[in-house]
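Residues per chain, in single letters:
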Amino acid sequence: MHRTSLSRRSFTLLAAAAVAAPSVRAQGKPEKSRVSIAVGGKAAFYYLPLTIAEQLGYFKSEGLDVEISDFAGGAKALQALVGGSADIVSGAYEHTINMQSKNQHIQSIVLMGRAPQIAMGVSVKAMPNYRSVADLRGKKIGVTAPGSSTNMVANLVLSRAGLKASDVSYVGVGTSAGALVALRSGQVDAMSNIDPVMTMLEQKGEVRIISDTRTLKGTLEVFGGPMPAACFYTHVDYVKANPNTCQALANAIVHGLKWLQTAGPSDIIKTVPESYLLGDRALYLASFNKVREAIALDGLLPEEGARTAVKALASFDASIKADKIDLGRTYTNDFARRAKEKYKA
């Protein structure tokens, strides 16, 4: 009698534990161990969690063999996904909203950045008498790639000053040395780009910053709320067909985010490839300190951030109707929650 009641009690406790903590269930083997990832400007701090996860072997430890293809900007990386040459994109969350407005459903599975880390500045040499955004009419603005998130921020800045995207010319300049050359040689009059490029131009007195989302405070001023940035996104069908693969990807990124929370500048220098420093270690570290708080902490995308993103896009893009977008289909936090529990991020 005693043995029966004990076994029943044990069964009850086990059943209760299973219901209370479904997220700690054993993770299955990835459906696809080889994963192709497209990224638009891998050397930028915007994608630092991806580089950390790669360099420290976190993808391998999750049973993944990743192949990372680097493109000139986020729009090009998105094209790789749509064209079928990439499984996953490390790119800006707002692409999930843009694509849904075109009846194509892609979804964020883990967040890497909680602020866009994009700064917009005018060339001191090309526009020494700059007074307001209206002065940009007819000018050439450098962006990582047309249609990328740097382009989106520039459009937002212009629209708030009463200008349309067609009032300027956008020039794709990439995210590294080519961007520096484009501004310094006069190919562009202004720049919307990410770090370390923008901090390098700023500290050498070559640009005057007119909009800045490299900090949480600056992001709030530009967007009016939290604005999710870099994430892993892919087709909704891919997520459904490969949940264990998506979990492994999220685990690797959240592991990297946890490492970044305590990493010092010297740790970053030792981990990233030498080419990322663009020949100036001190300025690279200054850039890192400027954007550090913009890096996500645990991979979770806040619902308020999704609402901020669709509101911002709809403010300057007439093809996006905020009330027609199902934000719940643009992201899932299921994988990040389990990864957070695994790594106590």
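Just so you know, the residues in each chain are numbered from 1, in the order the chain's sequence is written. In keeping with the model being predicted, local features are shown solely for residues with a pLDDT of at least 70 and side-chain atom pairs are shown and tallied solely at 80 or more, while totals for entire chains, interfaces and linings include all residues. The side-chain quantities take in all heavy atoms of the structure and omit both hydrogens and water.

1. A short note on the pattern of salt bridges
Then step 1. Only one rule defines a salt bridge in this text: a Lys or Arg side-chain nitrogen within 4 Å of an Asp or Glu carboxyl oxygen. For the coordinates displayed, the defined rule picks out 15 salt bridges.
Then step 2. Between Glu202 and Arg214 there is a salt bridge, with its nearest N and O atoms 3.0 Å apart. Of the two residues, Glu202 sits in helix α8 (residues 197-203) while Arg214 sits in the loop between β9 (207-212) and α9 (216-223), which places them 12 residues apart along the sequence.
Then step 3. Each residue gets one of three labels from its accessible area relative to the maximum for its type: buried under 20%, exposed over 50%, partly exposed in between, using a 1.4 Å probe on protein chains only. The partly exposed category is assigned to Glu202, whose relative accessible area is 25%.
Then step 4. With a relative accessible area of 0%, Arg214 lands in the buried category.
Then step 5. Through salt bridges with shared partners, one network takes in Asp195, Glu202, Asp212, Arg214 and Lys290. Here a helix means four or more residues in a row that DSSP labels H or I, a strand means two or more in a row labelled E, and each is numbered from the N terminus.

2. Observations concerning the packing of helix α6 (residues 149-160) against α9
Then step 1. To obtain an axis, a line is fitted to C-alpha atoms, over the contacting stretch when the element is a helix, and the angle between two such axes runs from 0 to 180 degrees between their N-to-C directions. Remark: α6 packs on α9, axes separated minimally by 11 Å, with the N-to-C direction vectors making an angle of 50 degrees. With respect to α9, the axis of α6 lies oblique. Here α6 contributes Met152, Val153, Leu156 and Arg160 to the contact with α9, which in turn contributes Glu221, Val222 and Phe223.
Then step 2. For the contact of α6 with α9, the per-class residue count stands at five nonpolar, no polar and two charged. Roughly parallel refers to an angle under 35 degrees, roughly antiparallel to one over 145, roughly perpendicular to one between 65 and 115, and oblique to any angle outside these ranges. Note on definitions: a residue-residue contact is assigned when non-hydrogen atoms from the two residues lie within 4.5 Å. Ten residue types, Ala, Val, Leu, Ile, Met, Phe, Trp, Tyr, Cys and Pro, are classed as nonpolar, four, Asp, Glu, Lys and Arg, as charged, and the remainder, Gly among them, as polar.

3. Looking at the sheet that holds strand β10 (residues 230-235)
Then step 1. We call two strands paired when DSSP finds no fewer than two bridges between them. Pairing is mixed across the open sheet formed by five strands, whose spatial order is β2-β1-β3-β10-β4. Single-partner strands in this sheet number two, and they are β2 (65-71) and β4 (106-111). Taken over all neighbouring pairs, the strand axes of this sheet differ in orientation by 30 degrees on average, direction set aside.
Then step 2. Here helix α4 (residues 74-83) sits on the sheet and contacts β1 (34-40), β2, β3 (88-92), β4 and β10; the angle it forms with β10, its principal contact strand, is near 25 degrees.

4. Considerations on the environment of Lys217
Then step 1. The topology assignment puts Lys217 in helix α9.
Then step 2. For Lys217, a relative accessible area of 61% translates into the label exposed.
Then step 3. C-alpha of Lys217 to C-alpha of Ala115: the two residues are 102 residues apart in sequence and 9.4 Å apart in space.

5. Here we look at the layout of surface pockets
Then step 1. Throughout, the protein atoms alone are placed on a 1 Å grid, and a set of points is a cavity if a 1.4 Å probe fits but cannot get out or a pocket if it is open with protein on both sides within 12 Å along at least five of seven lines; lining residues have an atom within 4 Å of a point. Grid points are joined across faces, edges and corners, and a volume is the space filled by probe spheres set on the points. In this structure, the largest pocket occupies an estimated 260 Å³ of space.
Then step 2. Lining the largest pocket are 18 residues, with His95, Asn98, Lys102, Gly147 and Asp317 positioned closest to its centre.
Then step 3. Here the lining of the largest pocket is built from residues that sort into six nonpolar, nine polar and three charged.

So far we have only geometry, and geometry alone does not tell us how the molecule works.
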